[in-house]
Amino acid sequence: MRMLLIHSDYLEYEVKDKALKNPEPIREEQKKGRLEEVLAAFISVEKVDETNPDEVVKKAVNEIKDVASHIKAKNVFVYPFAHLSSELAKPDVALEILKKIEERLKEGDLNVKRAPFGYYKAFKLSCKGHPLAELSRTIVPSG
Ligand SMILES: Nc1ncnc2c1ncn2[C@@H]1O[C@H](COS(=O)(=O)NC(=O)[C@@H](N)CO)[C@@H](O)[C@H]1O
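What comes next is a walk through the structure. Remember, predicted model here, so these are calculated numbers, not experimental data. (Residues numbered from 1 in each chain as written. Predicted model: local features only at pLDDT ≥ 70, side-chain atom pairs only at ≥ 80, totals over all residues. Heavy atoms only, no water.)

**Brief notes about helix H2 (residues 91-107)**
Link 1 in the chain: For H2, which comprises 17 residues, the first-to-last C-alpha distance of 25 Å matches the rise-based estimate of 24 Å (1.5 Å per residue) to within 8%.
Link 2 in the chain: For H2, every residue scored as buried is listed here: Val-93, Ala-94, Leu-95, Ile-97, Leu-98, Ile-101, Glu-102 and Leu-105.
Link 3 in the chain: Buried positions along H2 lie against strand E2 (32-44), helix H1 (53-71), strand E3 (75-80) and strand E4 (111-114). (Helix = DSSP H or I, 4+ residues; strand = E, 2+ residues; numbered from the N terminus. Expected span 1.5 Å × (residues − 1). Buried < 20%, exposed > 50% of the residue type's maximum accessible area, 1.4 Å probe, protein only. Contact = heavy atoms within 4.5 Å.)

So, in structure tokens, the structure goes:
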């Protein structure tokens, strides 16, 4: 799994077209979304993650929580992003892993949103530019 973590004044998205034949079914209110003072987690789920999804979920959640506490962000946006890797996991596996990351993060005291999976989306971001505002993480199952 590859994650790009951006601390931003806000992240807002708007769903445009389908990027998959069968994207995640969404409700009308999910077609647009916005969070202020947010840690945006752009996540590419990779083929290697399919060998142990639960382990990569656990590691990803720990990394996101760790960064959020360091930068004192209470809001997290889980954002499916297929452009951080050339070895993408199958969409159904990727969606399950992203849903689990969202669920686990919500168990803590973070306010979490997840952007819809399988759609082209317009988005706006305002990176804060401090030394920890742009981070990346590579997460692999231990095998
Ligand atoms: N492995 C993945 N990790 C994260 N998001 C993914 C993954 N696979 C698919 N997606 C989601 O599905 C959308 C389309 O994925 S894509 O790889 O860019 N494109 C496609 O798969 C099709 N256009 C066929 O190539 C992405 O924008 C993202 O929302």
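And the narrative resumes.
**Some words on the pattern of salt bridges**
Link 1 in the chain: Going through the model one piece at a time under the given rule, you end up with 17 salt bridges.
Link 2 in the chain: The closest approach of N and O atoms between Lys-59 and Glu-55, which form a salt bridge, is 3.3 Å. Pair noted here: Lys-59 and Glu-55 are both in helix H1, with a separation of four residues, about one helical turn.
Link 3 in the chain: Across the pair Glu-63 and Arg-137 runs a salt bridge whose closest N-O atoms are separated by 2.8 Å. You can see Glu-63 sitting in helix H1 and its partner Arg-137 sitting in strand E6 (residues 134-138), a full 74 residues away along the chain.
Link 4 in the chain: Each of Glu-12, Arg-34, Glu-36 and Lys-124 takes part in a single network of salt bridges with overlapping partners. (Salt bridge = Lys/Arg side-chain N within 4 Å of Asp/Glu carboxyl O.)

**Points about the packing of aromatic side chains**
Link 1 in the chain: For the structure on display, the rule yields six aromatic pairs.
Link 2 in the chain: Consider the rings of Phe-42 and Tyr-79, whose centres lie 5.0 Å apart with planes at 55 degrees: the pair is tilted. With a gap of 37 residues between them, Phe-42 in strand E2 and Tyr-79 in strand E3 connect regions that are remote in the sequence.
Link 3 in the chain: Assessed through its relative accessible area of 2%, Tyr-79 is described here as buried.
Link 4 in the chain: Ring geometry for Tyr-79 versus Phe-81: centroids 6.5 Å apart, planes at 55 degrees, classification tilted. (Phe/Tyr/Trp six-rings, centres within 6.5 Å; stacked < 30°, edge-to-face > 60°.)

It is worth stressing that arrangement in space is one thing and function is another; only the former is reported here.
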